[in-house]
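Observations on chain architecture
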Amino acid sequence: MQDINDGVARFQRDVFPAKKELFAHLATHHTPNTLFIGCSDARVVPELITGTEPGELFVVRTAGNLVPAYTPGADGISASIEYALAALHVQDVIVCGHSACGAMTALAEGHDLTGAPAVASWLRHADASLARTAKAGDVDALVRQNVLAQLANLATHPSVARALAEHRVALHGWVYDIPTGRIDDLTSPDRTTATTAAIAA
């Protein structure tokens, strides 16, 4: 905890004064243009890998960057997605998976999760991803299939479906490679046909 406290002190001493005008603006303005849905993994820091400033990203982080398909009723993920689309009017949504994902590794390698029943239940949201991965144990392939499957789940949310129908939002699927810092955009124009087919499947 001392490291955290030291970090707060550095922020207040060095970072905040240098960005004082930005924080004064943010005190009364909240207008992010992108919803970033990433993994809870501590090695994946959305603002760091995208080079964005405070206020530019609306971030949702879940284990395995999973986005449950829409169901009626309140939950934090659905509420955050709806708020980003319906209230903040974000123009882009990124679902970002990453290399060496613990959640995807557990699924790909069939880890025993009996001691973590909540985790096991949560990872059921990646059943379609696992079914689409041709080779058992292929973590990298599962990470990619999972990003595409979560984009498909995301499109089931009414706020997203409306924005897509009105051409007000674009969905992007990324895979971040931790050791190289590279981003593989699974929805880049040269992959559009394959990605669209995968999302529709």
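As shown above, the structure is provided for reference.
Residues numbered from 1 in each chain as written. Predicted model: local features only at pLDDT ≥ 70, side-chain atom pairs only at ≥ 80, totals over all residues. Heavy atoms only, no water.

What to know about the pattern of salt bridges
The criterion, for reference: We define a salt bridge as a side-chain nitrogen of Lys or Arg found within 4 Å of a carboxyl oxygen belonging to Asp or Glu. For every residue, the accessible area obtained with a 1.4 Å probe (protein chains only) is divided by the maximum for its type, and the residue is called buried under 20%, exposed over 50%, and partly exposed between those limits.
Across all of its chains, the model carries 6 salt bridges by this definition. The salt bridge partner of Asp41 is Arg43, with a shortest N-O separation of 2.7 Å. Overall, the relative accessible area of 16% leaves Asp41 in the buried class. A salt bridge links Asp127 to Arg124, with the nearest nitrogen and oxygen atoms 2.7 Å apart.

Section: the nonpolar core
Keep this limit in mind: Side-chain atoms within 4.5 Å link the members of a nonpolar core, which is a set of buried Ala, Val, Leu, Ile, Met, Phe, Trp, Tyr and Cys residues. Strands here mean DSSP runs of E at least two residues long; helices mean DSSP runs of H or I at least four residues long; both are numbered from the N terminus. In this description, contact between two residues means that some pair of their heavy atoms is separated by no more than 4.5 Å.
If you look at the biggest cluster of nonpolar residues, it comprises 36 residues, and the most contacted ones within it are Leu35, Ile37, Ile81, Leu85, Val93, Met104 and Leu154. Those elements that provide at least two residues to this core are strand S1 (34–39), strand S2 (57–62), helix H4 (76–87), strand S3 (92–98), helix H5 (102–108), helix H8 (139–154), helix H9 (158–165) and strand S4 (170–176). In terms of residue count, H8 provides more of this core than any other element does, 7 residues in total. If we ignore the near neighbours within four places in the chain, the residues touching Ile37 are Val60, Asn65, Val67, Ile81, Val93, Ile94, Val95, Cys96 and Leu154. Within the second largest apolar cluster, 7 residues are counted, among which are Phe36, Leu57, Trp174 and Tyr176.

Side note on the sheet that holds S1
The following threshold applies: Note on pairing: two strands pair once DSSP finds at least 2 bridges between them. Only C-alpha atoms enter the line fits that serve as axes; for helices the fit covers just the stretch in contact. Angles between N-to-C directions range over 0 to 180 degrees.
With mixed pairing, the 5 strands of this open sheet are ordered in space as S2-S1-S3-S4-S5. Each having just a single partner strand, S2 and strand S5 (183–185) make up the two edges of the open sheet. For this sheet, the mean angle separating the axes of adjacent strands, direction not counted, is 25°. Bridge analysis of S1 against S2 gives 6 bridges, and the strand direction is parallel. Looking at S2, one finds that Ile37 is bridged to Val60. Running over the sheet, H4 touches S1, S2 and S3 and is turned about 165° from S2.

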